[in-house]
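Report on the structure
What follows is the residue order along each chain.
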Amino acid sequence: MLAQLASGILGYAEQTADGSAFRLPYPANLQLALDRLTLLAWHQETEPPASVVELLSWAGIAFAEWPIDLPDADVDPEESLLAYGRPTAICEELGSLRGDVEGEMRENALIRAVMDRTQAAQAPASYVAFRRLLVEHPVLTALELDTRLADPELALVADQVRQAYPEAPPEAAADGLVRTCGGCHGLLLPLDDDRTWTCEDDSCAAPGTAGPTHLAAEGVRWLRRELRTFITAPGRAELRIAQAVADMGVPVELWPDFDACDLSVFADRPWVADVKAWRNPTRLGRALRARMFTVPADADRAYIVIGQEQVRAQQRYIERLRRICPAVRPGQRVVAVSEKQFVEAVRRRVENES
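Predicted, not measured: the structure shown is a model, and the values here were computed from it.

When helices and strands are tallied, the chain shows 15 helices and 14 strands. A compact globule built from 354 residues should have a C-alpha radius of gyration of about 20 Å, and the chain, at 21 Å, falls within 12% of that. Counting every position in the chain, which comprises 354 residues, the buried fraction comes to 50%. Of the roughly 17100 Å² of accessible surface on the chain, a fraction of 49% belongs to carbon and sulfur atoms. Here the chain contributes 38 positive and 53 negative side-chain charges, whose respective centroids are spaced 5 Å apart.

A word on the packing of aromatic side chains. A complete count under the given rule lists 8 aromatic pairs for this structure. Ring geometry for Phe 63 versus Trp 66: centroids 5.2 Å apart, planes at 55°, classification tilted. Exposure class is identical for Phe 63 and Trp 66. Each is buried. Positioned above the aromatic ring of Trp 222, the side-chain terminus of Arg 228 is 3.7 Å from the ring centre.

Next up on the list: the packing of helix α2 (residues 28-43) against helix α3 (residues 52-59). The contact between α2 and α3 brings their axes to 10 Å, and the two run at 80°. The angle between the axes of α2 and α3 places the two elements in the roughly perpendicular class. Residue-level inspection shows Leu 30, Gln 31, Leu 34 and Leu 37 of α2 in contact with α3, the latter providing Val 52, Leu 55, Leu 56 and Trp 58. A class-by-class count of the residues in the contact of α2 with α3 yields 7 nonpolar, 1 polar and no charged.

Relative to the 18 Å expected for 13 residues at 1.5 Å per residue, helix α6 (residues 124-136) spans 18 Å between its end C-alpha atoms, a close match to the ideal helical length. Turning to α6, its buried residues number three or more, namely Ser 126, Tyr 127, Ala 129, Phe 130, Arg 131, Leu 133, Leu 134 and Val 135.

Attention now moves to the pairing of strand β12 (residues 271-276). Within β12, 5 of the 6 residues are buried, which leaves the element mostly enclosed by the surrounding structure. Sheet topology note: the strand β11 (residues 263-265)/β12 ladder contains 3 bridges and is antiparallel. Within β12, the position partnered with Ser 264 by the bridge is Val 272. Between β11 and the antiparallel strand that follows it, β12, lie 5 residues; Phe 266 among them carries a positive phi value of about 80°. Strand direction decides the pairing type here: β12 and strand β13 (residues 301-306), joined by 6 bridges, are parallel.

A packed helix pair is summarised by two numbers, namely the angle formed by the two axes and the spacing between the axes. Interhelical geometry of α6 versus helix α10 (residues 225-247) gives an angle of 95° and a closest axis separation of 8 Å. Taken together, the axis directions place α6 and α10 in an arrangement best described as roughly perpendicular. Residues Arg 131, Arg 132, Leu 134, Val 135 and Glu 136 of α6 form the contact with α10, whose participating residues are Leu 227, Ile 231, Thr 232, Gly 235, Arg 236, Glu 238 and Leu 239. In terms of residue class, the contact of α6 with α10 is built from 5 nonpolar, 2 polar and 5 charged.

Criteria and cut-off values
Residues numbered from 1 in each chain as written. Predicted model: local features only at pLDDT ≥ 70, side-chain atom pairs only at ≥ 80, totals over all residues. Heavy atoms only, no water. Helix = DSSP H or I, 4+ residues; strand = E, 2+ residues; numbered from the N terminus. Rg over C-alpha atoms; globule rule 2.2 N^0.38 Å. Buried < 20%, exposed > 50% of the residue type's maximum accessible area, 1.4 Å probe, protein only. Areas by Shrake-Rupley, 256 points an atom, 1.4 Å probe, with all protein chains shown as cover. Lys, Arg positive; Asp, Glu negative; His and termini not counted. Charge placed at Lys NZ, Arg CZ, Asp CG, Glu CD. Phe/Tyr/Trp six-rings, centres within 6.5 Å; stacked < 30°, edge-to-face > 60°. Lys NZ or Arg CZ within 6 Å of the ring centre and 35° of its normal. Axes fitted to C-alpha atoms, helices over the stretch in contact; angles between N-to-C directions. Parallel < 35°, antiparallel > 145°, perpendicular 65-115°, else oblique. Contact = heavy atoms within 4.5 Å. Nonpolar A, V, L, I, M, F, W, Y, C, P; charged D, E, K, R; others polar. Expected span 1.5 Å × (residues − 1). Pairing = 2+ DSSP bridges.

Here is the structure:
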């Protein structure tokens, strides 16, 4: 039910993303989720939400504050589906389990178009440049976007880059200004008083750090929601790991062979990694049970690597992930480890081989 509700919220957010007035009907998943939640509330002898509007108000509070019990849900008590009126990363994760069809189609179609174009041109550097851009610059002004597209590597996929960066929503501006976060380089969103600003990324390592401020008239562009969740967030860990490994003098490739994996470390007997930034290990475990990444035949070891932000937020993250998904326990073909554990394993191999 929660996955269906999350998918409906994502559909609703997409329909209202341009700031225009919403027109009925609501997305089918929202109405179906309301029906299922109503039955659950009646079963628990609790008052259900009276309408989709009230259901959306429930989505904006922590699950612990819901008037019904959710004993079998893959959520934590402090999580919510909406924050400041926008879908949270938790909503994205739950929606992907149900199938946020529109978001999945956009992401897959966009990434596939970039892959097809760069593969046809035999330009893996263009694919890497595209992925780096999405990770390092979730916010760009119109001029900055044009300037970056002058780079030949990105010019090859200029159409896809523009599709990835729609205009920032009207509510991102206050007093004619758009502010960014110095921690994650995403947007800071103003609260109702237009004096308090908050980072929209709940996994940001430094949400109180101010980044550059832009005039709204500069045409600020903000990376699409699903790309921020499933590419930018894990991408921060991917770049950190690549830099740490390179500093050891070890060969490392980002998104090799047009994204066969996220990282390939060592030229001889390579280690490969799929990096994840899911907030909830149980949800990730269920997703991995449904679809594990394909390990290249020449890989000596394969890992699911969890970013430091997620492990810091939940100290037993790896333990919980391995419990829900036995396929990533030690001794298996793919092993789940933290970002720190992966870097330390690389360091031990370097020391043993020196």
